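If you want the building blocks of each chain, they are given just below.
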Amino acid sequence: MEDSLSQVTSSVGWSGMAHMLITLICIAIAWWSLQHLKIDLFIRHPQSPQGKMLHLILAIIVGRAVAQFFLDYWGWTQSLRFLF
């Protein structure tokens with residue numbers, strides 16, 4: 001019984017670590033891809049601290065959405081095995 005509980009907690013821990021890693025990677029990719037966005041068309045001073053903060057917030061929002069899509073898709077593919 002205790003061995004089973006240990007396996008479950010270990011599995012949950014690794015799952016959490018994978019979710020965090022995938023989310024951070026997606027945020028980094030979003031940050032990298034947003035570097036080529038002409039944000040100066042939308043704000044006056046893109047190099048100001050507020051402009052950089054907006055850039056960071058946009059990267060977090062986009063990266064989190066992309067990561068959530070991939071994690072949901074992975075979960076759905078894992079659920080398909082219960083169909084058959």
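Our structure is the block above this text.
Residues numbered from 1 in each chain as written. Predicted model: local features only at pLDDT ≥ 70, side-chain atom pairs only at ≥ 80, totals over all residues. Heavy atoms only, no water.

Caption draft 1: Structural context of the overall build of the protein chain. Assigned secondary structure in the protein chain consists of two helices and zero strands. With respect to the principal axes defined by its C-alpha atoms, the protein chain has extents near 60 × 30 × 15 Å. A burial count over the protein chain gives 15% of its 84 residues as buried. When contacts within the protein chain are restricted to residue pairs at least 6 apart in sequence, long-range pairs at least 24 apart make up 67% of them. (Helix = DSSP H or I, 4+ residues; strand = E, 2+ residues; numbered from the N terminus. Buried < 20%, exposed > 50% of the residue type's maximum accessible area, 1.4 Å probe, protein only. Contact = heavy atoms within 4.5 Å.)

Caption draft 2: Quick look at the environment of Ser33. Tracing the sequence through the fold places Ser33 in helix α1 (residues 2-34). Sequence separation between Ser33 and His45 is 12 residues; the distance between their C-alpha atoms is 20 Å.

Caption draft 3: Looking closely at the packing of aromatic side chains. The tally for this structure, following the rule as stated, stands at two aromatic pairs. Among the aromatic residues, those joined into a ring-pair cluster are Phe69, Phe70 and Tyr73. (Phe/Tyr/Trp six-rings, centres within 6.5 Å; stacked < 30°, edge-to-face > 60°.)

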